[in-house]
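The primary structure of each chain is shown beneath.
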Amino acid sequence: AARTRADTPILIAGDGGQRPQLEQLIAERGLGHRVRLLGRVSEAEKRQLYAHALAVFFGPQDEDYGYITLEAMAAGKAVITCDDSGGVLGFVEHGTTGWVVPPQAETVADAIDQYAADPAMAARQGVAGRAAFDALDLNWNRVVETLLAA
């Protein structure tokens, strides 16, 4: 957030062991007006957050699948992720459904700035992400059929 040029609000949902350090960084860098730590959110709140997001950043560490990525794509949002994000890379196509960038603050900030400068591009990539999600045909019937066929 400190490296973005745009005044894009950053909302971080969830709780974890890094919250005190994040609170300290936000205060030290004077980002309290732009960065909000939301803590745990309900499913209804999560849907609203996705619905109103310009894009979704998900740069996981030790993540083998990436439900957040799938949720964002299902909501029609472009996804920013890093080139070391594991299973997430199976879903995000750089320049089509989002951005895949090196895991550096500057490159993530640049991706955020690109979407802030061109919200229509973010929307197009979100539409492509939703189409990619739909093409996966993820549903419990398919899961059961796949498991029974094995």
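Structure: see above.
Residues numbered from 1 in each chain as written. Predicted model: local features only at pLDDT ≥ 70, side-chain atom pairs only at ≥ 80, totals over all residues. Heavy atoms only, no water.

Visitor: Lay out the overall build of the chain with the relevant residues and their values.
Guide: Scanning the chain for helices and strands turns up 6 helices and 5 strands. Overall, the chain shows an N-to-C arrangement of helices and strands of β-α-β-α-β-α-β-β-α-α-α. Its C-alpha atoms give the chain a radius of gyration of 16 Å, within 12% of the compact-globule value 15 Å for 150 residues. When burial is assessed residue by residue, the chain has 31% of its 150 residues classed as buried. In the chain, 52% of the contacts between residues at least 6 apart in sequence involve partners at least 24 apart. Surface exposure of the chain reaches about 9300 Å², of which carbon and sulfur atoms provide 55%. Across the chain, the mean location of the 13 positive side-chain charges is 6 Å away from that of the 20 negative side-chain charges. (Helix = DSSP H or I, 4+ residues; strand = E, 2+ residues; numbered from the N terminus. Rg over C-alpha atoms; globule rule 2.2 N^0.38 Å. Buried < 20%, exposed > 50% of the residue type's maximum accessible area, 1.4 Å probe, protein only. Contact = heavy atoms within 4.5 Å. Areas by Shrake-Rupley, 256 points an atom, 1.4 Å probe, with all protein chains shown as cover. Lys, Arg positive; Asp, Glu negative; His and termini not counted. Charge placed at Lys NZ, Arg CZ, Asp CG, Glu CD.)

Visitor: With reference to specific residues and values, describe the pattern of salt bridges.
Guide: According to the stated counting rule, one finds 9 salt bridges in the structure shown. The shortest N-O distance in the salt bridge between E43 and K46 comes to 3.1 Å. Of this pair, E43 and K46 are both found in helix α2 (residues 43–52), 3 residues apart, which corresponds to roughly one turn of the helix. Residue class for E43 comes out partly exposed when judged on its relative accessible area of 48%. Salt bridges sharing partners connect three or more residues here, namely R5, D110 and D113. (Salt bridge = Lys/Arg side-chain N within 4 Å of Asp/Glu carboxyl O.)

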